[in-house]
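Each chain is listed here by its residues.
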Amino acid sequence: QVQLVESGGGLVQFGGSLRLSCAASGSIFNIRDMGWYRQAPGKERELVAAISRGGRTNYADSVKGRFTISRDNAKNTVYLQMDSLKPEDTAVYYCNADITYDSGYRRGVYWGQGTQVTVSS
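Residues numbered from 1 in each chain as written. Predicted model: local features only at pLDDT ≥ 70, side-chain atom pairs only at ≥ 80, totals over all residues. Heavy atoms only, no water.

S.K.: Explain the nonpolar core to me, and be specific about the residues and the numbers.
M.R.: The biggest cluster of nonpolar side chains holds 28 residues, and the ones touching the most others in it are Trp36, Leu80, Met82 and Tyr93. Contributing elements (two or more residues each) for this core: β1 (2–7), β3 (18–26), β4 (30–39), β5 (46–51), β7 (67–72), β8 (77–82), β9 (91–101) and β11 (115–120). The contacts of methionine 82, once residues within four sequence positions are left out, are Gly16, Ser17, Leu18, Leu20, Arg66, Phe67, Tyr93 and Val117. (Core = buried A, V, L, I, M, F, W, Y, C linked by side-chain atoms within 4.5 Å. Buried < 20%, exposed > 50% of the residue type's maximum accessible area, 1.4 Å probe, protein only. Helix = DSSP H or I, 4+ residues; strand = E, 2+ residues; numbered from the N terminus. Contact = heavy atoms within 4.5 Å.)

S.K.: Could you give an account of the side chain of threonine 115, naming the residues involved and the relevant values?
M.R.: Tracing the backbone shows threonine 115 in strand β11. With near-sequence residues (within four places) excluded, threonine 115 lies in contact with Glu6, Gly9, Leu20, Ala91, Val92 and Tyr93.

S.K.: Could you give an account of the sheet that holds β1, naming the residues involved and the relevant values?
M.R.: Taken in spatial order, the four strands line up as β1-β3-β8-β7 in an open sheet, and their pairing is antiparallel. Bordering the open sheet on either side are β1 and β7, each of which pairs with just one other strand. On average, adjacent strands in this sheet sit at an angle of 15° to one another, irrespective of strand direction. In this sheet, β8 lies alongside β7 in antiparallel orientation, the contact comprising six bridges. Within the sheet, the bridge partner assigned to phenylalanine 67 lies in β8 and is methionine 82. (Pairing = 2+ DSSP bridges. Axes fitted to C-alpha atoms, helices over the stretch in contact; angles between N-to-C directions.)

S.K.: I'd like a description of the side chain of threonine 100, backed by residues and values.
M.R.: Residue position: threonine 100 is located in strand β9. Residue classification places threonine 100 among the buried positions, given a relative accessible area of 3%. Setting aside its immediate chain neighbours within four residues, threonine 100 contacts Ile28, Phe29, Asn30, Arg32, Arg106 and Arg107.

S.K.: Please provide a residue-by-residue account of the packing of aromatic side chains, values included.
M.R.: Aromatic ring pairs are described here by two measures, namely the spacing of the ring centres and the angle between the planes. Throughout the structure, instances matching the rule amount to one aromatic pair. When the ring centre of tyrosine 79 is taken as reference, the NZ or CZ atom of arginine 19 above it lies at 4.4 Å. Above the plane of the ring of tyrosine 94 lies arginine 45, whose end atom (NZ or CZ) is 5.8 Å from the centre. (Phe/Tyr/Trp six-rings, centres within 6.5 Å; stacked < 30°, edge-to-face > 60°. Lys NZ or Arg CZ within 6 Å of the ring centre and 35° of its normal.)

S.K.: Give a description of the pattern of salt bridges that names residues and reports values.
M.R.: One pass over the structure, following the stated rule, counts six salt bridges. The salt bridge involving arginine 66 is made with aspartate 89; its shortest N-O contact spans 2.8 Å. Here arginine 66, found in the loop between β6 (57–59) and β7, pairs with aspartate 89, found in the loop between β8 and β9; they are 23 residues apart in sequence, far enough to count as distant. Residues arginine 66 and aspartate 89 agree in their burial class; the two are buried. For aspartate 102, the salt bridge is made with arginine 106, and the minimal N-O distance between the two is 3.0 Å. For aspartate 102, a relative accessible area of 42% corresponds to the partly exposed category. Overlapping salt bridges bring together Arg38, Glu46, Arg66 and Asp89 as one network. (Salt bridge = Lys/Arg side-chain N within 4 Å of Asp/Glu carboxyl O.)

The following block contains the structure:
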């Protein structure tokens, strides 16, 4: 089995910072793309940021210049540094990973359990 465990969410004031972590464990052969999604109250889930194994990144326009995604391949962990937080960033944040296993012959997408981020005015 493969499991993704998230941590780092919480309550912060407008303009504050948080750092989310997501660690994958299990019989992993390789992890391709990793990313962060979020789902705000009454809204559908959206992609926030993604990063390839080689470090190429993509960001939603709404977070460019404020959020930074990174990863540690040796630890199978992806991070999301969130700065200059706004109330509209309030959401449940989910990590995502495209994982290969069985010596690289099988592939699946896994999700973390979600962590709440709340930004007050």
